[in-house]
Amino acid sequence: MNGELEPGTFRSGSGDLIHCREDYEGHTVVEIERVDGSHSWGDITSLRGAVRLSDDPDWPSISPRFIGTLHFD
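The structure presented is a predicted model; accordingly, all values stated were derived computationally and were not measured.

What follows deals with the overall build of the chain. A tally of helices and strands in the chain yields zero helices and five strands. Secondary structure of the chain in N-to-C order comes out as β-β-β-β-β. Across the 73 residues in the chain, those meeting the buried criterion constitute 23%. Once local pairs closer than 6 in sequence are excluded, the contacts in the chain between residues at least 24 apart make up 42%. About 5,500 Å² of surface is accessible on the chain, with carbon and sulfur atoms providing 55% of the total.

Written out as C-alpha cells, the structure is:
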C-alpha cells in the first residue's frame, strides 16, 4: 500500500468515473472517465466530493469478462 489512497472506483458529483490505482512504483494514479467517454489524468484533488463505488479500480469492466465452463466426466 502506498499510504496515499486505496485503489478503487469513485463517482464525482458531475457523474464522471474516477479510477484510482497504483503504478509500478506504488504511487497513486488517477484516471478520470468523463460522461462523454473521454479520458484524462487527474490527481487526488479530483476526488473531492466523490463517492466510492467499488474497491476494483477497473469497475465497471470495459471488456466483457470471460466465464468458462468446466466439463466433468
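From this point, the discussion proceeds with the structure in view.
Now for unusual backbone geometry. Residue Pro60 follows Trp59 across a cis peptide bond; omega there is -20 degrees. Turning to its location among the elements, Pro60 is positioned in the segment after strand E5 (51-54).

With that settled, the discussion passes to the pairing of strand E2 (residues 17-22). Across four bridges, strand E1 (residues 8-11) lies against E2 in antiparallel orientation. Bridged to Arg11 within E2 is Leu17. Hairpin connection, E1 to E2: the antiparallel pair is bridged by five residues, and Gly15 has positive phi, about 100 degrees. For E2 and strand E3 (residues 28-33), the ladder comprises six bridges, and the chain directions are antiparallel. The partner of Ile18 across the bridge, within E3, is Ile32. What sits between the antiparallel neighbours E2 and E3 is a turn of five residues, in which Gly26 has the positive phi angle 90 degrees.

Here we come to the nonpolar core. Counting residues in hydrophobic clusters, the biggest one holds five residues: Phe10, Ile18, Cys20, Val30 and Leu47. Excluding residues within four positions of it along the chain, Leu47 makes contact with Leu5, Phe10, Ile18 and Cys20.

A separate point is the pattern of salt bridges. Evaluated as defined, the whole model comprises four salt bridges. A salt bridge links Arg21 to Glu31, with the nearest nitrogen and oxygen atoms 3.2 Å apart. Note that Arg21 is positioned in strand E2 and Glu31 in strand E3, a separation of 10 residues in sequence. Arg21 sits in the partly exposed class, given a relative accessible area of 22%.

Definitions and cut-offs
- Residues numbered from 1 in each chain as written.
- Predicted model: local features only at pLDDT ≥ 70, side-chain atom pairs only at ≥ 80, totals over all residues.
- Heavy atoms only, no water.
- Helix = DSSP H or I, 4+ residues; strand = E, 2+ residues; numbered from the N terminus.
- Buried < 20%, exposed > 50% of the residue type's maximum accessible area, 1.4 Å probe, protein only.
- Contact = heavy atoms within 4.5 Å.
- Areas by Shrake-Rupley, 256 points an atom, 1.4 Å probe, with all protein chains shown as cover.
- Pairing = 2+ DSSP bridges.
- Core = buried A, V, L, I, M, F, W, Y, C linked by side-chain atoms within 4.5 Å.
- Salt bridge = Lys/Arg side-chain N within 4 Å of Asp/Glu carboxyl O.

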